There are 2 protein chains.
Amino acid sequence: MNHPAAPASIMRAALPAGLLDALQRLYGERLSVAEAVRAHHGRDESAFVPHLPDAVVFAEQTSEVSETLRLCNQYQIPVIPFGVGSSLEGHILALHGGVSIDLSRMNRILSIDPEDLIATVEPGVTRKQLNEALRDTGLFFPIDPGADASLGGMCATRASGTNAVRYGSMRENVLGLKVVLADGRVIPTGTRARKSSAGYDLTRLFVGSEGTLGVITEATVRLHPQPEAVSAASCSFPSMVDAVKAVIQTIQLGVPIARVEFVDALAVRSLNRHSHLNLKEAPQLFFEFHGTPSGVEEQVQTVAQIAADHHGESFEWASRPEDRSRLWTARHNAYFAMLQLKPGCRAITTDVCVPISRLAECIAGTEHDLASSPLPCPIVGHVGDGNFHVAILVDPAKPEEYEEAERLNHLIVRRALALGGTCTGEHGVGLHKIGFMREEHGEDALDVMRAIKHALDPANLLNPGKMFSLQRETS
Amino acid sequence: MNHPAAPASIMRAALPAGLLDALQRLYGERLSVAEAVRAHHGRDESAFVPHLPDAVVFAEQTSEVSETLRLCNQYQIPVIPFGVGSSLEGHILALHGGVSIDLSRMNRILSIDPEDLIATVEPGVTRKQLNEALRDTGLFFPIDPGADASLGGMCATRASGTNAVRYGSMRENVLGLKVVLADGRVIPTGTRARKSSAGYDLTRLFVGSEGTLGVITEATVRLHPQPEAVSAASCSFPSMVDAVKAVIQTIQLGVPIARVEFVDALAVRSLNRHSHLNLKEAPQLFFEFHGTPSGVEEQVQTVAQIAADHHGESFEWASRPEDRSRLWTARHNAYFAMLQLKPGCRAITTDVCVPISRLAECIAGTEHDLASSPLPCPIVGHVGDGNFHVAILVDPAKPEEYEEAERLNHLIVRRALALGGTCTGEHGVGLHKIGFMREEHGEDALDVMRAIKHALDPANLLNPGKMFSLQRETS
């Protein structure tokens, strides 16, 4: 594999013997330098060429993470936190080698407080694991990226998902963190109170920092009452523009819709095949409504009218829990379903998010660009947030397809930025979006990010090479 | 006045002539060194002894703020941003002299985008001014501190108010900012998209930074659809604990209540007098419900049942818009109403916020402390968030009353911190809460804040002396 956007391979020495010895004493058999383990920790779901760490440690408690960072700081060796490896933008590649801290064994749910609607978890707890544990409490945790990601990783990338239109993203749903700093010190951020004006918002600073400012070893997250009633439906539209306009009107009317997902005709085909559905292969919206029985009924009537006004064909109801589950499981597996449109392919995924008033224009322009490309490019989107993904399917053996994918990616991102949007709504920057940070933020705002990075990680040991260039571009 | 907690007066020279000349050229008659103008800008609504700036400039555009910061950086002179002066914790006192930048003339509403539910405003726009401008759009801006504060000041203190239980605080309702940095550079933060994972969350870093990291000269805020139906009511309870338990259950059931305010018997008396109401002088809850007509009806029935289960006496409905307005205007004027309980007094206001499960315990302990104090101490609270205020009324001529107020304040804050809460839910730290920052965050987390402050304001010129001590305490 030879992704054109992959960084040049970097020459480096192996870990210093003193560090390796110290880690060996700390972790025993939970330290690995085996090629297979390092390979597993040197890649994610992106199409980037893997970059292997020199060693992998499997941490089981904060004190081990702290000691690891202290040691790596002493020896000036990079550290990369690793959750389940489901990131999409090259976040966990060990560009400069170093130590990958696998946090998947820190998967204890430390407390669930139904009275306060919060839970405190270790970073390796996955979203499904948390919701399983919550099942009998009447509460749930809404943030649902496609993968069964770890909560630590979801904090680190400021993840969201299909429910964000109603419940917000990780930005809104993390109350506080425990973070290990570059020198090994451990700090709490935030309190258990719902709001605070006591100082800089360190919680929000670490949420979305992609392992470049510290390693998250605990998160206190907000829970929400399970809705009394839930209803779901799909509806096809003659065109993407009709579908998106229906969404825009729904949002503008303040309908508290829980989910509204766009799936284009090609993506619908992939879902039909992968999940044995029988949906019309046309632009579709998937809806979910949460509330009291009468509240849901009211939302449904409003949205059905809006859909009809925009030429929606009749709703397909998924009323029984198993039908709802089938629809939304299919949607969650869309990434893997889309990959199967082209056997053996990998996906280059775009993740732009624009103000909702510009969404139809943004997707229409994108569709125009894609139409002339030889690559299959299904589109799915959290359209209530103005966020959509194009999965550009490339043959890993064909460099020219990577080139074409990057050409399309640039067109899509540039358009979104021109429309007042962002290069990434929820996947994060990682390696793949670094090139757009200047255009989105400007060099002066990036300088502020650089100053913060330098203040908290002066030796650039925490997940180095990600998110933005440490050097100001002068041109 | 001689507030015991007031910082020692600091000896300093007047502004350098070169700086004064440059500011004179920049601002002409919009520069003032008049005693009365400086006095107005050297105090807020707190009981602190005023500290006057050496000069006040009335900025009208970002470029002037930028040039002012560049000049003050060149001459190493402090800068304090000033909105309307309604802060409660000594935020805008010019402890080290310097230049107060009055932003109240930057009060243009730059854009209202109903399709995207956002507005972009200059920092001097007040919340009432914005809502006035929104009146015909079907939208509103929910954050409502008691005072008619400026949006810039509300960003700077991470303000909230009575609606936060449903709509969130400034943390959730600011999409992006324009900020002037210490050296005069101007950066944007955020985009117009609803969510983003593109880099560090600079918006949330500047929201709540109290003028210590930069000067906010534009804010893009989220708007919300005006609810189709609104209903309001008050309900008295035999005890505070009954009232608070009713609130806890309401929140835990997920009722999307728009406002739920606690007012204790003494505060009710002040509202009755000040606003000519006729409420029973007992612990009261004020409610407001937003939604569709049937949704509101459903919320009302649920909450009425919960109130009855907790010995609530019958709801007093404020169904007509003018009755609702009367009730909520009274609540918004509570601060001034409470001041009139003791003619000539000033208020030392507490602002703790705790996890809602601990709220009844926290207020009960607080009431116990207050019962033995000679000072009148009415309590009001945004109890849906776990946040409440005690207005400790002191005679400015009596230093022993300040001492007593601070003694009570310490008891109240320490209890809230012990219960997992914060020293300030919405007013900010300013001068008054500095002493609690170590206990709330720990020295290591404060070190992170210090590192950020140093990175962005190395000479400590931006609102110096506020929020936290720059020196680590070693004991």
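All figures in this text were calculated on a predicted structure; none of them were measured in a lab. (Residues numbered from 1 in each chain as written. Chains lettered and ligands numbered in written order. Predicted model: local features only at pLDDT ≥ 70, side-chain atom pairs only at ≥ 80, totals over all residues. Heavy atoms only, no water.)

S.K.: Tell me what's going on with the relation of the copies chain A and chain B, and back it up with residues and numbers.
M.R.: Superposing chain A onto chain B takes a rotation of 180° combined with a translation of 0.0 Å along the rotation axis, leaving an RMSD of 0.0 Å. Expressed as a symmetry operation, the mapping of one chain copy onto the other fits a two-fold axis. Both copies present the same face, since 100% of the interface residues in chain A are matched by interface residues at the equivalent positions in chain B. (Least-squares fit on C-alpha atoms with pLDDT ≥ 70 in both. Contact = heavy atoms within 4.5 Å.)

S.K.: Tell me what's going on with the domain arrangement of chain A, and back it up with residues and numbers.
M.R.: All names here are of chain A. Under the domain assignment used here, chain A contains domain 1 (17–102), domain 2 (109–225), domain 3 (229–336) and domain 4 (342–418). For domain 3 versus domain 4, the separation of C-alpha centres amounts to 22 Å. Taken together, the contact between domain 3 and domain 4 spans 16 residues of the former and 17 residues of the latter. For the pair domain 3 and domain 4, the summed buried surface comes to about 1,400 Å²; carbon and sulfur atoms form 72% of the total. Connecting domain 3 to domain 4 are zero salt bridges. Where domain 3 packs against domain 4, one counts three residue pairs in polar contact (both at pLDDT 80 or more). (Domains from an automatic or database assignment. Buried area = accessible area lost by both parts, 1.4 Å probe. Salt bridge = Lys/Arg side-chain N within 4 Å of Asp/Glu carboxyl O. Polar contact = N/O pair within 3.5 Å; in protein donor to acceptor, adjacent residues only side chain to side chain.)

S.K.: Please set out the sheet that holds strand E14 (residues 284–291) of chain A residue by residue, giving values where relevant.
M.R.: Residue and element names in this part refer to chain A. If you walk across this open sheet you meet the seven strands as E15-E12-E14-E13-E17-E18-E16, and the pairing is antiparallel. Every interior strand has two partners, whereas the edge strands, strand E15 (316–318) and strand E16 (346–349), have only one. Neighbour-to-neighbour, the strand axes of the sheet open up by a mean angle of 20°, direction not taken into account. Across eight bridges, the pairing between strand E12 (residues 229–236) and E14 is antiparallel. Counterpart to Ser234 in the pairing with E14 is Phe286. Most of the contacts of helix H14 (residues 359–371) go to strand E18 (residues 387–394), to which it runs at about 10°, and overall it touches strand E17 (379–382) and E18. (Pairing = 2+ DSSP bridges. Helix = DSSP H or I, 4+ residues; strand = E, 2+ residues; numbered from the N terminus. Axes fitted to C-alpha atoms, helices over the stretch in contact; angles between N-to-C directions.)

S.K.: Mind laying out the packing of aromatic side chains, listing which residues take part and the relevant values?
M.R.: All names here are of chain A. Tallied over the full model, the rule gives 14 aromatic pairs over all chains. Centre to centre, the rings of Tyr335 and Phe336 are 5.2 Å apart; their planes meet at 85°, and the pair counts as edge-to-face. In this structure Phe336 comes out as partly exposed when scored by relative accessible area, which is 36%. What links up through ring pairs into an aromatic cluster is the set Phe287, Phe289, Phe315 and Trp317. Of note, Arg259 hangs over the ring of Trp328, and the distance from its end group to the ring centre comes to 4.4 Å. (Phe/Tyr/Trp six-rings, centres within 6.5 Å; stacked < 30°, edge-to-face > 60°. Buried < 20%, exposed > 50% of the residue type's maximum accessible area, 1.4 Å probe, protein only. Lys NZ or Arg CZ within 6 Å of the ring centre and 35° of its normal.)

S.K.: Describe the environment of A:Pro321, listing the residues and the values that go with them.
M.R.: Mapped onto the elements, A:Pro321 comes out in helix H12 (residues 321–332). Note: C-alpha distance between A:Pro321 and A:Val230 (91 residues apart in sequence) is 8.7 Å.

S.K.: Lay out helix H10 (residues 265–275) of chain A with the relevant residues and their values.
M.R.: All names here are of chain A. If you check which residues of H10 are buried, you get Ala267, Val268, Ser270, Leu271, Asn272 and Ser275. Looking at the buried side of H10, the elements it contacts are strand E13 (259–263), E14, H12, helix H13 (334–339) and E17. In the stretch just after H10, His276 is the one whose phi turns positive, near 55°.

S.K.: I'd like to hear about the environment of B:Ala455, residue by residue, with values.
M.R.: For B:Ala455, the location among the structural elements is in helix H17 (residues 443–456). Between the C-alpha atom of B:Ala455 and that of B:Thr217, which follows or precedes it by 238 residues, the distance is 21 Å. Residues in contact with B:Ala455, not counting those within four places in the same chain, are A:Ala451 and A:Ala455.

S.K.: Please give an account of the interface of chain A and chain B that cites residues and values.
M.R.: The interface is formed by 80 residues belonging to chain A together with 80 residues belonging to chain B. In total, about 6,400 Å² of surface goes out of reach between chain A and chain B, with carbon and sulfur atoms giving 56% of it. Where chain A packs against chain B, one counts ten salt bridges. A salt bridge links A:Arg185 to B:Asp444; the nearest nitrogen and oxygen atoms lie 2.9 Å apart. The interface formed by chain A and chain B holds 46 residue pairs in polar contact (both at pLDDT 80 or more) in total.

S.K.: Tell me what's going on with the UniProt feature "domain: FAD-binding PCMH-type" (unreviewed entry) in chain A, and back it up with residues and numbers.
M.R.: Under the local residue numbering, the UniProt record ascribes the feature "domain: FAD-binding PCMH-type" (unreviewed entry) to residues 49–226 of chain A. Taken end to end, residues 49–226 of chain A is 24% helix and 25% strand, and its first and last C-alpha atoms sit 42 Å apart. (UniProt positions renumbered as here; feature names shortened; annotations may be inferred.)

S.K.: Account for the packing of helix H9 (residues 240–252) of chain A against helix H11 (residues 293–309) of chain A, with residues named and values stated.
M.R.: All names here are of chain A. Two elements in contact, H9 and H11, have axes whose closest approach is 9 Å; the angle formed by their N-to-C orientations is 145°. Judged by the sense of rotation from one axis to the other, the crossing of H9 with H11 is right-handed. Here Ala246, Gln249 and Thr250 of H9 come into contact with H11, specifically with Val303, Ile306 and Ala307. Among the residues making up the contact of H9 with H11, the classes are represented as four nonpolar, two polar and no charged. (Left-handed = near helix turned anticlockwise from the far one by under 90°. Nonpolar A, V, L, I, M, F, W, Y, C, P; charged D, E, K, R; others polar.)

S.K.: An account of the sheet that holds strand E6 (residues 118–121) of chain A is requested, with residue identities and associated values reported.
M.R.: Residues and elements named next belong to chain A. A sheet is described by the order of its strands in space; here five strands give the open sequence E5-E6-E10-E8-E9, paired in antiparallel fashion. Looking at which strands have only one partner, the edges of the open sheet turn out to be strand E5 (109–113) and strand E9 (186–189). Shown here is a sheet whose adjacent strand axes are inclined to one another by a mean of 10°, direction ignored. When E6 meets strand E10 (residues 215–222), the two strands line up antiparallel, connected through four bridges. Residue Thr120 lies in a different strand from E10, and its bridge partner there is Thr220. The sheet strands contacting helix H4 (residues 127–134) are E5, E6 and E10, and the helix crosses E5 at an angle near 45°.

S.K.: Lay out helix H15 (residues 399–418) of chain B in plain terms, naming residues and giving numbers.
M.R.: Residues and elements named next belong to chain B. Taking 1.5 Å as the rise per residue, H15 with 20 residues should run 28 Å; its terminal C-alpha atoms sit 29 Å apart, in good agreement. Taken as a whole, H15 has its buried residues at Glu401, Tyr402, Glu404, Ala405, Glu406, Leu408, Asn409, Ile412, Val413, Ala416 and Leu417. Summarising the contacts, the buried residues of H15 are in contact with strand E16 (346–349), helix H14 (359–371), strand E18 (387–394) and helix H16 (434–441). A positive backbone phi angle near 85° is found at Gly420, which sits one or two residues after H15. (Expected span 1.5 Å × (residues − 1).)

S.K.: Hey, could you go over the pairing of strand E3 (residues 79–82) of chain A for me, with residue numbers and the actual values?
M.R.: Consecutive side chains of a regular strand alternate in pointing toward one face of the sheet and then the other. All names here are of chain A. Burial of E3 is two-sided: the residues Val79 and Pro81 facing one way and the residues Ile80 and Phe82 facing the other way are all buried. Where E3 and strand E4 (residues 99–102) come together, four bridges link them in parallel fashion. Bridge pairing in E4 places Val79 opposite Val99.

S.K.: Could you give me a rundown of unusual backbone geometry, with the residues and numbers involved?
M.R.: A positive phi angle, close to 40°, is found at A:Asn463, a residue other than glycine. Its location among the elements puts A:Asn463 in the segment after helix H17 (443–456). Located in the positive-phi region is B:Glu210, a residue other than glycine, with phi close to 55°. One can find B:Glu210 in the loop between helix H8 (202–206) and strand E10 (215–222). Given the relative accessible area of 4%, B:Glu210 is considered buried.

S.K.: Hey, could you go over the pattern of salt bridges for me, with residue numbers and the actual values?
M.R.: Overall, the coordinates contain 74 salt bridges over all chains when judged by the stated rule. We note a salt bridge from A:Arg438 to A:Glu443, for which the minimum N-O separation is 3.1 Å. Overall, A:Glu443 belongs to the buried group, its relative accessible area being 8%. B:Glu172 is the partner of B:Arg171 in a salt bridge, and the nearest nitrogen-oxygen pair spans 2.8 Å.

S.K.: Explain the packing of H15(B) against H16(B) to me, using residue names and the numbers behind them.
M.R.: Residue and element names in this part refer to chain B. At a minimum axis distance of 11 Å, the contact between H15 and H16 shows a crossing angle of 20°. When the axes of H15 and H16 are compared, the pair comes out roughly parallel. The chirality of how H15 crosses H16 is right-handed. Every residue of H16 that contacts H15 at Asn409, His410, Val413, Arg414 and Leu417 is listed here: Phe436, Glu439 and Glu440. Looking at the contact of H15 with H16 residue by residue, the class counts come to three nonpolar, two polar and three charged. (Parallel < 35°, antiparallel > 145°, perpendicular 65-115°, else oblique.)

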